[in-house]
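Given next are the chains, with one letter for each unit.
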Amino acid sequence: MIVLKNVCKTLSGREVLKNISLHIAENELVGIIGQNGAGKTTLLNTITGILKPDSGFIRTLEKENPAAEKRVLQNLVYLSGNRSQLWEDLKIKDSIDHCIEMYRLDPSTAKKRLDELEEIFEIRSFRNSPPCHLSLGERMRCELVYGLLPQPRLLILDEVMNGLDFSFKHKIMEYFKDYGNKEHTTILYASNQLSEVEQLCRRIILIHQGSVLFDGRTAQIIALFSPCYRIEAVFSGNFPDFEDLPLEKYRLEGDLLTVDYDIHKIETVQILRHLMEKCCIRNIRILKPNLEETIQKIYGGANGKYN
Amino acid sequence: MRAYVEFAVKKFQDKMAYRLDFFMGIVNTAITILVYLCIYKALYGDAGEVDGISYPMVATHFVITLGLSNAFHYNEMFLQDKIRDGTITNEFLKPVSFILRLLAENIGEGAFKIIFHFIPALLITLLYTKLCPPVSLLGLPVMFCSVALGYLILWLISFIIQTWSFWLFSVWGIITIKNVFVSILSGSLLPLWFMPEPLQKILSFTPFESIYFTPVRIYLGELSGRETVFALAVQAMWVALLCVIANMFWKKGTKKLIVQGG
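All values derive from a computational prediction rather than experimental measurement. (Residues numbered from 1 in each chain as written. Chains lettered and ligands numbered in written order. Predicted model: local features only at pLDDT ≥ 70, side-chain atom pairs only at ≥ 80, totals over all residues.)

Draft legend 1. Representation of the nonpolar core within the structure. Val30, Ile32, Val145, Leu157, Leu188 and Tyr189 of chain A are the most contacted members of the largest nonpolar core, which totals 78 residues. Those residues in contact with Leu188 of chain A that lie beyond four places of it in its chain are Val30, Ile32, Leu44, Ile156 and Leu157 of chain A. Core analysis: the second largest hydrophobic core is formed by 44 residues, Ile64, Ala71, Leu156 and Tyr212 of chain B among them. (Core = buried A, V, L, I, M, F, W, Y, C linked by C-beta atoms within 7 Å. Buried ≥ 20, exposed ≤ 12 C-beta atoms within 10 Å, placed from the backbone. Contact = placed C-beta atoms within 7 Å.)

Here you go:
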């Protein structure tokens with residue numbers, strides 16, 4: 001679906017992409033993350049063919065220059081949270097009608113699909129309003145419908161959860177989770193909301209200063225970079241002795257005991273067993289590191305300071 | 001093709017959304033035309049003809065040129081704004097040609113203004129003064145062809161300058177200067193009949209004469225059958241030539257964008 005080989009790109013004297021190689025298969029859902037200015041958007045623009053790499057090779061939708069062919073573009077939708085696709089002064093339904101014409105969709109299939117999408121994204125009630133009368137989140141939902149209607153083979157979503165409230169975020173995330181396989185669509189999901197990416201994408205690509213810092217399973221990056229788990233226990237009785245366990249650190253505040261440990265060195269059960277034997281535990285909580293913490297750690301490391 | 005028609009239709013609808021703009025457009029067009037008619041009425045005084053041109057001919061000339069030039073006015077900063085805020089990339093990813101889409105939108109806007117600004121303004125003008133009737137019924141469709149070709153010439157000149165925004169930070173100044181040149185050299189300020197002979201000669205080698213003056217002369221029946229065909233051919237030639245130039249700038253500009261990122 002997408003192949004990049006040793007892609008380099010310099011924009012106004014800055015090396016924005018440095019030797020990037022990627023392979024993204026059909027129907028994959030890939031999260032793309034990185035700090036501001038890491039090169040995410042440049043990477044996405046290169047993938048669509050809007051930017052030509054200085055050196056290296058790209059191939060998207062079986063084409064080396066996808067943006068040059070209108071036929072190919074009918075299978076590619078790039079939705080962005082800060083660049084509207086809708087017509088500013090027209091009613092939503094007119095914009096959507098136009099989308100049907102532009103992507104040459106079959107009217108009856110498009111109608112059916114539109115019905116479904118209007119249901120899911122709950123936009124039916126603002127069919128007759130222009131985008132300027134809608135809130136940011138409502139507009140974003142319309143944008144999503146506009147982008148999903150042509151059933152593109154490649155869907156690029158760049159910060160599309162902008163302005164969406166919690167319940168919609170959740171709903172849309174659920175919708176996207178198995179969207180790729182159901183609709184035969186490859187999705188690139190770029191976002192700064194790491195919790196979204198963590199929930200949604202099994203594979204993530206982390207871009208840092210123009211290079212791919214990590215490309216692999218989301219669970220793997222967490223295990224690799226932040227192996228530290230934490231147990232929080234409320235206990236009564238004597239303070240247990242941890243001297244013989246390989247823990248990272250432990251702390252006691254009142255009756256709350258916090259234990260940090262590396263899962264590669266010791267298993268959770270071992271600590272639990274130890275605690276149960278030595279003291280009386282009333283309540284316990286095990287905390288897994290999340291993507292956000294992991295990424296912070298990586299940046300801390302990459303920038304030369306550990307937190 | 002249908003997608004482009006849809007672009008024109010949508011722009012037409014888009015324009016309908018603003019009621020005040022609709023009424024102001026009529027007032028604007030009517031006033032521009034009436035001011036010129038008053039000036040020329042005063043200039044003519046009791047004279048029946050000046051250089052063989054009668055007052056009704058001049059009046060007709062101004063109604064057509066000013067009416068059309070008001071109708072053919074659109075946002076010429078569109079491309080520049082798109083390039084500046086980066087949304088041009090959005091346009092490149094749509095499965096339609098950007099140039100044709102822009103043309104379709106501008107035609108949609110032009111059609112709207114002709115129907116809702118020009119025609120009402122024309123009726124208002126008719127209350128004030130008499131105009132020359134079309135020379136023949138056949139003349140009208142030929143004139144419409146000529147107007148369409150004139151529009152394309154005007155549009156292409158504007159588009160070529162718009163493409164310069166790939167290289168320049170602002171093309172506003174150049175567009176303003178261009179508009180002054182077009183309005184003087186195409187005869188919408190002073191009819192080309194009254195221009196000095198040498199200037200008329202020079203202008204006949206430029207595209208400006210073909211924009212409004214050719215349709216006006218066809219309408220007034222100033223051209224014989226063969227001359228009309230020749231005038232249309234000249235218009236078509238300019239359209240073709242400007243197309244080539246516009247395409248060249250567009251190709252160069254978009255190439256710069258995909259290589260240097262705008």
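Draft legend 2. How the structure looks around helix H11 (residues 213–220) of chain B. Residue and element names in this part refer to chain B. Most of H11 is tucked away: 8 of the 8 residues are buried. Inspection of H11 places Phe213, Thr214, Pro215, Val216, Arg217, Ile218, Tyr219 and Leu220 among the buried residues, and these make up the whole buried set. In the segment just after H11, Gly221 is the residue with positive phi, at about 75 degrees. (Helix = DSSP H or I, 4+ residues; strand = E, 2+ residues; numbered from the N terminus.)

Draft legend 3. Spotlight on the sheet that holds strand E5 (residues 76–80) of chain A. Residue and element names in this part refer to chain A. In spatial order, the strands read E5-E6-E7-E3-E8-E9; together these 6 strands make up an open sheet with mixed pairing. Each edge of the open sheet is held by one strand with a lone partner, namely E5 and strand E9 (211–217). Across the sheet, the axes of successive neighbouring strands diverge by a mean angle of 15 degrees, strand direction being ignored. Direction of pairing for strand E6 (residues 154–158) relative to strand E7 (residues 186–190): parallel, over a ladder of 5 bridges. When the sheet's bridge partners are listed, Leu154 is paired in E7 with Thr186. (Pairing = 2+ DSSP bridges. Axes fitted to C-alpha atoms, helices over the stretch in contact; angles between N-to-C directions.)

Draft legend 4. Region of the structure containing the packing of helix H2 (residues 19–44) of chain B against helix H6 (residues 98–128) of chain B. All names here are of chain B. Where H2 contacts H6, the two axes come as close as 8 Å, and the packing angle between them is 40 degrees. Our classification of the angle between H2 and H6 gives oblique. With respect to the hand of their crossing, H2 and H6 are arranged in right-handed fashion. Two secondary-structure elements touch here, H2 through Phe22, Gly25, Ile26, Thr29, Ala30, Ile33, Leu34 and Leu37 and H6 through Lys113, Phe116, His117, Phe118, Pro120, Ala121, Ile124, Thr125 and Tyr128. Grouping the amino acids of the contact of H2 with H6 by side-chain chemistry returns 12 nonpolar, 4 polar and 1 charged. (Parallel < 35°, antiparallel > 145°, perpendicular 65-115°, else oblique. Left-handed = near helix turned anticlockwise from the far one by under 90°. Nonpolar A, V, L, I, M, F, W, Y, C, P; charged D, E, K, R; others polar.)

Draft legend 5. How the structure looks around the domain arrangement of chain A. The domain boundaries assigned to chain A delineate domain 1 (2–223) and domain 2 (227–288). Look at where the C-alpha atoms of domain 1 of chain A and domain 2 of chain A centre, and you get two points 43 Å apart. (Domains from an automatic or database assignment.)

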